[in-house]
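Letter by letter, the chains look like this.
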Amino acid sequence: MNIEEKIKVNIIEAFQKIYNAEIPEKSIQIQKTRKEFIGDFTVVVFPFLRFSKKSPEQTAEQLGIYLKDNFSEIKEFNVIKGFLNLKFYDSFWLNFLNTTLLEDNYGFVKSNEDSEKIMIEYSSPNTNKPLHLGHIRNNLLGYSIAQILKANGKNVVKVNLVNDRGIHICKSMLAWQKWGNGETPDSTGLKGDKLVGNYYVKFDQEYKKQIADLINKGISAEEAKKQAPLLIEAQNMLLKWERKDADVLELWKKMNAWVYKGFDETYNNLGIDFDKVYYESETYLLGKSIVAEGLKKGVLNKKEDGSVWADLTKDGLDEKLLLRADGTSVYMTQDIGTANQRFAEYNNDKLIYVVGNEQNYHFQVLALVLKKLGFSWADNLFHLSYGMVELPEGKMKSREGTVVDADDLLNEMIETARETSEELGKLDSYSKEEVNNVVKTIALGALKYFMLKVDPKKNMLFNPKESIDFNGNTGPFIQYSYARIKSILNKAKDQKIEKSDCVSSNIKISEKEVNLIKLIFDYPATISEAADNYSPALIANYIYDLAKEFNQFYHDCTILKEPDNDIRNFRLLLSQMIGDIIKSSMSLLGINVPDRM
RNA sequence: GGUCCAAUAGCUCAGUUGGAUAGAGCAACAGCCUUCUAAGCUGUGGGUCGCAGGUUCGAAUCCUGCUUGGAUCACCA
């Protein structure tokens, strides 16, 4: 039983004994005492007034007396309005620190075969253009949430569903065929995804020219868009692809291979990975038989032209097409199929899709249609809907060239980190290779922390002109705090300062030090809250508080030169514990920490 | 037009089952390195929590309406 549960039990007892009343456990609110008051935990007594039939102050006072008498850990209490603040003995916190020092992965819950199994899909790129800032948010979120769920004792399967087919892929293929002159990543020195992306842009440019020509000839804009020869060629290419035309398939495989190589490089640089990769070219036909089944059951309906629909108007939504008149399927059909396949194959308890909030409607429809089709697991789909990354001018638009490229951004961050490190003279004694490693760690830390510290649900702003900060509430600030801790611990070792396995509980410690132990106390609850809410931001905010508090402690207290052995030992162990938590919590965000910086 | 989401300091963001005087960082200004890493620490200024009602002991938080911004409502993915 943890301390908060113990307090709760005692409050219930108190009300039985003092007021002969049964108070519901849910009515008990225990929160951390705010900084401006004395205490560790605060009980809110307002909800109890109808049981005590006394004023808030009187109720709190009587409850406080009872708790202090029955709780050897409580040193004192005070009452302010309807709030009962409980102050614990320092020894309680020191003993608590000792229990955490004994744990291997403090704050983490171990998983076993019976643990909940969660599949999480993220990234899901198209193979016609390179990854950009929006993908970065997606990738970082997906990877981090997977880490957090694992730390919370779940069995996690990370999957990627690559959109490798369709008209948009044919567009870049066609453009390369027409204007590529046989260019390859090798011949140009370009990353494969960049090269292919260039041809996607080229297609669009030429297509627009054709449209303009047609409009000049007096054709309406709408018609021109449909009649442009390039588009018709692309459509023909898609048909050939579907008929498995050898030449088209060969070209498709060749160009996709270039893209995958490029993507792998970017994923690798970002430090994210997957347990399994699905390709749409292999899944796009899934779902058709399920739709046919639904038609039989009368859950879906067929229109005169032969197309199949789900009527969701009674649920406040529209009708949704599932099969075209020619029998070909749409995206929704595929998602019905892949979801079904995944639950069958992996027997997971949950399936999370990390997809932008622009697809909220799609996932709402998906869950509803699956439910109508009678799949019991339809309730276990979860759309982790995250907000857009916006630029100061608004949304990123690939056609207007305002897209922030993932690789470019990463390289810029690394250069900034390098310049800053040089200016500060931090890495003067390092070898070239060490510098490269540290600088990359810092750059990635800055970028990842920047993107993960904001609530996933919210849109966020990224200003390319103001490069991501390294001071204040940032990844490097936290990394720096960690490096400081490492530095002290190393010096302690060099100076042969004794460090035992536990702290003495008889020492006098400062308020800052108690605050730090209290933050350590909060770590496990923070992980489970982050897991419940699928929110790396909760972890990020927690680490920042911890690092900030540590830096104050570091500033105020000497560690190595502390004359009292017990206190020095305590400070060393406290620092070590905080270092361990910074490292482990940062790993939940997919961020590494350097030993020196 | 229907549906959904958002709005908190000049800027970027916290504020999680409704709790005490709404917090950080950046930017500005003023301090702190002969002392464990100054990517740090301390201080100052900065708020009608979009607006108006309602619910109650108590509302940035819940409800209703409105304003503003965004997303979406494709035989695109």
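Just so it is clear, the model here is predicted, and its values are computed rather than measured.

Quick notes on the overall build of chain A
In step 1: When helices and strands are tallied, chain A shows 21 helices and 14 strands.
In step 2: Here the C-alpha coordinates of chain A stretch approximately 90 × 65 × 45 Å along the principal axes.
In step 3: Of all 597 residues assigned to chain A, the portion counted as buried reaches 51%.
In step 4: The contacts of chain A with a sequence gap of at least 6 include a subset with a gap of at least 24, amounting to 73%.
In step 5: Looking at chain A as shown, the accessible area adds up to about 29,200 Å², and 47% of this sits on carbon and sulfur atoms.

As for helix H1 (residues 3-19)
In step 1: In this model, H1 (17 residues) spans 24 Å end to end at C-alpha, consistent with the 24 Å of a helix rising 1.5 Å per residue.
In step 2: Of all the positions in H1, only Ile3, Ile7, Asn10, Ile11, Ala14, Phe15 and Tyr19 are classed as buried. Along the long axis of H1, the arc covered by the buried residues comes to 145 degrees, so they all point the same way.
In step 3: N-capping of H1 is provided by Asn2, with a side-chain oxygen placed 3.0 Å from the backbone N of Glu4.
In step 4: Asn20, located one to two residues past H1, shows a positive phi value of around 55 degrees.

What to know about the nonpolar core
In step 1: Ranked by internal contacts, the top residues of the largest apolar core, which has 161 residues, are Ile7, Ile11, Leu63 and Phe88.
In step 2: Not counting residues up to four positions away in its chain, the partners in contact with Ile11 are Ile23, Ile28, Val43, Phe48, Leu63 and Leu67.
In step 3: Counting residues in hydrophobic clusters, the runner-up holds 32 residues, among them Val159, Ala310, Met332 and Phe375.

A short note on the protein's contact with RNA strand B
In step 1: Taken together, the neighbourhood of RNA strand B is formed by 67 residues, with Asn163, Asp318, Lys426, Tyr480 and Cys557 sitting nearest.
In step 2: Backbone sugar and phosphate groups make up 62% of those atoms of RNA strand B lying within 4 Å of the protein.
In step 3: Asn85 has a polar side-chain atom sitting 3.1 Å from a base nitrogen of RNA strand B.
In step 4: Here Ile559 contributes a backbone N or O atom positioned 3.1 Å from a base nitrogen of RNA strand B.
In step 5: Taken together, the elements giving at least two residues each to the surface near RNA strand B come down to strand S1 (29-32), strand S2 (41-44), strand S4 (83-88), helix H16 (406-424), strand S14 (460-461), helix H18 (475-494), helix H19 (511-533) and helix H20 (536-556).
In step 6: When residues in the surface near RNA strand B are grouped by element, the largest group, eight residues, is from H20.

What about the pairing of strand S12 (residues 381-386)?
In step 1: Within S12, five of the six residues are buried, which leaves the element mostly enclosed by the surrounding structure.
In step 2: One ladder, built from six bridges, connects strand S11 (residues 350-356) with S12; its direction is parallel. When the bridges of S12 are listed, Gly356 appears paired with Tyr386.
In step 3: For the segment spanning S11, helix H15 (residues 360-372) and S12, crossover handedness is right-handed.

What about the confidence of the model for chain A?
In step 1: On average, residues of chain A score 93 in pLDDT, and 100% of them reach the 70 mark or higher.
In step 2: Predicted complex, confidence summary: ipTM 0.96, pTM 0.96.

Observations regarding the packing of aromatic side chains
In step 1: Scanning the model with the defined rule gives 30 aromatic pairs in all.
In step 2: An angle of 85 degrees between the planes, with centres 5.7 Å apart, marks the rings of Phe46 and Phe83 as edge-to-face. Here Phe46, found in the loop between S2 and helix H2 (49-52), pairs with Phe83, found in strand S4; they are 37 residues apart in sequence, far enough to count as distant.
In step 3: Of the residues examined, Phe46 reaches a relative accessible area of 42% and is grouped as partly exposed.
In step 4: Residue Phe83 is classed as partly exposed on the basis of its relative accessible area of 30%.
In step 5: Over the aromatic face of Tyr284 sits the side chain of Arg165, whose NZ or CZ is 3.9 Å from the ring centroid.
In step 6: One Lys or Arg, Lys303, reaches over the ring of Trp309 and ends 4.4 Å from the middle of that ring.

Here's the deal with the sheet that holds strand S3 (residues 74-80)
In step 1: Judged by pairing direction, the sheet is antiparallel, and its four strands sit side by side in the order S1-S2-S4-S3 without closing on themselves. The sheet terminates laterally at S1 and S3, the two strands that pair on one side only. Taking each pair of neighbouring strands and ignoring which way they run, the sheet shows an average axis angle of 25 degrees.
In step 2: On top of the sheet, helix H3 (residues 56-70) reaches S2, S3 and S4; it is set at about 180 degrees to S3, its chief contact.

Examining the side chain of Asn10
In step 1: By the secondary structure assignment, Asn10 is in helix H1.
In step 2: Those residues within four positions of Asn10 in sequence are excluded, and the remaining contacts are Tyr66, Leu67, Asn70 and Phe71.

Brief notes about the packing of H1 against H3
Angle between the axes and distance between the axes are the two parameters that describe a pair of packed helices.
In step 1: At their nearest, the axes of H1 and H3 sit 10 Å apart, and the two run at 115 degrees to each other. One way to sum up the angle between H1 and H3 is to call them roughly perpendicular. Seen along the crossing, H1 lies across H3 with a hand that is right-handed. From H1, Asn10, Ile11, Glu13, Ala14, Phe15, Lys17, Ile18 and Tyr19 reach across to H3, where they touch Gln58, Thr59, Gln62, Leu63, Tyr66, Leu67 and Asn70.
In step 2: When the residues that make up the contact of H1 with H3 are grouped by side-chain class, the tally is eight nonpolar, five polar and two charged.

Regarding the pattern of salt bridges
In step 1: Per the stated rule, a full pass over the model turns up 25 salt bridges.
In step 2: For Lys158, the salt bridge identified is with Asp273, shortest N-O distance 2.6 Å. Of this pair, Lys158 sits in strand S6 (residues 155-162) while Asp273 sits in the loop between helix H11 (246-270) and strand S7 (276-279), placing them 115 residues apart in sequence.
In step 3: Judged by its relative accessible area of 3%, Lys158 falls in the buried class.
In step 4: A single network of salt bridges, built from pairs that share partners, joins Lys191, Asp193, Lys194, Asp405 and Asp407.

Looking at helix H21 (residues 565-588)
In step 1: Compared with an ideal rise of 1.5 Å per residue, which puts 24 residues at 34 Å, H21 spans 35 Å between its outermost C-alpha atoms and is within 8% of the ideal.
In step 2: Counting buried residues in H21 gives 18 out of 24 residues, a clear majority hidden from the surface.
In step 3: At the N-terminal end of H21, a side-chain oxygen is found 2.8 Å from the backbone nitrogen of Asp566, two or three residues along, and the residue is Asp564.
In step 4: Residue Gly590 follows H21 closely and has a positive phi angle near 75 degrees.

About the criteria used
Going along each chain's sequence as written, the residues are numbered from 1 onward. Each chain gets a letter, beginning with A, and each ligand a number, beginning with 1, in the order they are written. Reporting of local features is limited, given that this is a predicted model, to residues whose pLDDT is at least 70; pairs of side-chain atoms are given and counted only at 80 or more, and all residues count toward the totals for whole chains, interfaces and linings. Only hydrogens and water are set aside; all other atoms, that is, all heavy atoms of the structure, feed into the side-chain values. Runs of H or I in DSSP of at least four residues are treated as helices and runs of E of at least two as strands, each being numbered from the N terminus. Residue burial is assigned from relative accessible area. The probe radius is 1.4 Å, only protein chains are included, and a residue is buried under 20% of its type maximum, exposed over 50%, and partly exposed in between. The contact rule is simple, with two residues in contact once any of their heavy atoms fall within 4.5 Å. Accessible surface area values rest on a Shrake-Rupley calculation with a 1.4 Å probe, where residue burial reflects the displayed protein chains alone. To estimate how far a helix should extend, the number of its residues minus one is multiplied by 1.5 Å. The arc in question is the one traced by the directions running from the helix axis out to the C-beta atoms. In protein, a polar contact means a hydrogen-donor-capable atom and an acceptor-capable atom, both N or O and within 3.5 Å, with residues adjacent in sequence counting only if both atoms are side-chain atoms; elsewhere, any N or O pair within 3.5 Å suffices. Throughout this description, the term nonpolar core refers to a set of buried Ala, Val, Leu, Ile, Met, Phe, Trp, Tyr and Cys residues connected via side-chain atoms within 4.5 Å. Whether a residue is near a molecule or strand depends on its heavy atoms: it is near if one of them lies within 4 Å of it. Strand pairing requires that DSSP identify at least two bridges connecting the strands. With its strands directed away from the observer, a crossover is right-handed exactly when the path from the first strand over the helix to the second travels clockwise. The predictor rates its confidence in each residue with pLDDT, a number between 0 and 100. Side-chain rings of Phe, Tyr and Trp (the six-membered ring for Trp) are treated as a pair once their centres are within 6.5 Å; stacked means planes under 30 degrees apart, edge-to-face means over 60, and tilted covers the remaining angles. A ring is considered to have a charge above it if a Lys NZ or an Arg CZ atom is located within 6 Å of its centre and within 35 degrees of its normal. Each axis is a line fitted through C-alpha atoms, and for a helix only the stretch in contact is used; angles between axes span 0 to 180 degrees, taken between their N-to-C directions. Roughly parallel here means an angle under 35 degrees, roughly antiparallel means over 145, roughly perpendicular means 65 to 115, and every remaining angle is called oblique. It is the rotation of the near helix from the far one that decides the hand of a crossing: anticlockwise by less than a right angle makes it left-handed, clockwise makes it right-handed. Think of it as three bins: nonpolar holds Ala, Val, Leu, Ile, Met, Phe, Trp, Tyr, Cys and Pro, charged holds Asp, Glu, Lys and Arg, and polar takes everything else, Gly as well. A pair is scored as a salt bridge if a Lys or Arg side-chain nitrogen falls within 4 Å of a carboxyl oxygen belonging to Asp or Glu.

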